Amino acid sequence: MACLTIGYRDYLMPSDKAMKVAELMQHAIECESNFEGTGYVYTAKDQPNVEFSLVRPSQVRMPKGEPTPVPAPRQRQLR
């Protein structure tokens, strides 16, 4: 497992997936969007803070209670 920090938020995920996200986020910049007249205008900002740290299983604590099942994705028909 790994803790991936993007900006001020932390995400716990498998380490191989966290590495991929961190690699992709190296090329991202924050932006601000504003609706002006006929559409949105995007203003570029700074690069987000992206950090990656490995987490041992003994460091993970799950909230008390029953786990919430993840619903299966709906299949869409191609047209």
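This text goes with the structure placed above it.
Residues numbered from 1 in each chain as written. Predicted model: local features only at pLDDT ≥ 70, side-chain atom pairs only at ≥ 80, totals over all residues. Heavy atoms only, no water.

Visitor: Help me get a handle on the packing of aromatic side chains, residues and values and all.
Guide: Enumeration over the complete set of coordinates arrives at 2 aromatic pairs. Residues F35 and Y40 carry aromatic rings whose centres are separated by 5.4 Å and whose planes lie at 75° to one another, so their mutual orientation is edge-to-face. Taking relative accessible area as the criterion, Y40 reaches 53% and is therefore assigned exposed. Following the ring pairs from residue to residue traces out a cluster consisting of F35, Y40 and Y42. (Phe/Tyr/Trp six-rings, centres within 6.5 Å; stacked < 30°, edge-to-face > 60°. Buried < 20%, exposed > 50% of the residue type's maximum accessible area, 1.4 Å probe, protein only.)

Visitor: Residues and numbers for the sheet that holds strand β1 (residues 2-6), please.
Guide: Through backbone hydrogen bonds, the strands of a sheet pair up, either in parallel or in antiparallel fashion. Across the sheet, which stays open at both edges, the 3 strands sit in the order β2-β1-β5 with antiparallel pairing between neighbours. Only two strands of the sheet have a single neighbouring strand rather than two, namely β2 (9-13) and β5 (50-54). Averaged over all neighbouring strand pairs, the angle between strand axes comes to 20°, with direction disregarded. Bridging between β1 and β5 involves 5 bridges; their strand directions are antiparallel. Across the sheet, the residue bridging to I6 is V50, located in β5. Along the sheet, helix α1 (residues 15-25) contacts β1, β2 and β5; its crossing angle with β1, the most-contacted strand, is approximately 20°. (Pairing = 2+ DSSP bridges. Helix = DSSP H or I, 4+ residues; strand = E, 2+ residues; numbered from the N terminus. Axes fitted to C-alpha atoms, helices over the stretch in contact; angles between N-to-C directions. Contact = heavy atoms within 4.5 Å.)

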